[in-house]
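# Notes for the structure review
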Amino acid sequence: LWHIVWSKAVAEAFSKGWDCRMSVAGAKQKAIERIDGRTVLFLTVCSCLVSFFTTDLIGHAIFTLWLLLILCYFGLYRQGVGCYLVYLAAVIGLYYESKYGISFPSPLLLSMIYKLILPAMPVYLLFRIPSGKLTASLRKLPFPSTAMLVLTVMLRFAPTVIHEFGEVREAM
């Protein structure tokens, strides 16, 4: 009798644990679906401004760390940590280049990575939003209808074009 009661309790605990893991993964996906596209677009614009107008390394690094935390909040740990590691490698490479005169890899390449990784992080989050939800939220912005039409067509057909390009590349 004890064995039957124990196995029922263990089976119930494992099933609840599985449901909890599934609900956490589902919650992260729902968090991406709940975010408004205008918010991510605003975050992207702010990232561009910070990246191109900030001359302070500390401020730039803090904003990049903040974007890493945002990506991790939405369950994009691997992408966020990868971007941050590339950012740190570029900063360390620029430091060694300026201190010791080592010019491999090119300082221009490292400075481009340093400047462009910051706007790339929220753009990745922007691409993770479903296209229908993104176009619906962008229609609420005060843009001319012709510009909005071009933007909507680009957002709706970009995934199809990317998929077809991949298929053609695989066929070659």
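So, on to the overall build of the protein. Looking only at helices and strands, the protein has seven helices and zero strands in total. Scanning the protein from its N terminus toward the C terminus, one meets helices and strands in the order α-α-α-α-α-α-α. Within the protein, the proportion of its 172 residues that are buried is 26%. Sequence separation of at least 24 residues holds for 68% of the intrachain contacts in the protein that already meet a minimum separation of 6. Here the protein has roughly 12,000 Å² of accessible surface; of this, 73% comes from carbon and sulfur atoms.

Moving on to the packing of helix α4 (residues 77-100) against helix α5 (residues 107-128). In a pair of packed helices, the angle between the axes and the distance between the axes together describe the arrangement. Axis separation between α4 and α5 bottoms out at 9 Å; the angle between their running directions is 160°. Put simply, α4 runs roughly antiparallel to α5. Regarding α4 and α5, the two cross each other, and that crossing is left-handed. Contacts from Gln79, Gly80, Cys83, Val86, Tyr87, Ala90, Val91, Gly93, Leu94 and Glu97 in α4 reach Pro107, Leu110, Ser111, Ile113, Tyr114, Ile117, Met121 and Tyr124 in α5. Among the residues forming the contact of α4 with α5, the class breakdown is 13 nonpolar, four polar and one charged.

Calculation rules
- Residues numbered from 1 in each chain as written.
- Predicted model: local features only at pLDDT ≥ 70, side-chain atom pairs only at ≥ 80, totals over all residues.
- Heavy atoms only, no water.
- Helix = DSSP H or I, 4+ residues; strand = E, 2+ residues; numbered from the N terminus.
- Buried < 20%, exposed > 50% of the residue type's maximum accessible area, 1.4 Å probe, protein only.
- Contact = heavy atoms within 4.5 Å.
- Areas by Shrake-Rupley, 256 points an atom, 1.4 Å probe, with all protein chains shown as cover.
- Axes fitted to C-alpha atoms, helices over the stretch in contact; angles between N-to-C directions.
- Parallel < 35°, antiparallel > 145°, perpendicular 65-115°, else oblique.
- Left-handed = near helix turned anticlockwise from the far one by under 90°.
- Nonpolar A, V, L, I, M, F, W, Y, C, P; charged D, E, K, R; others polar.

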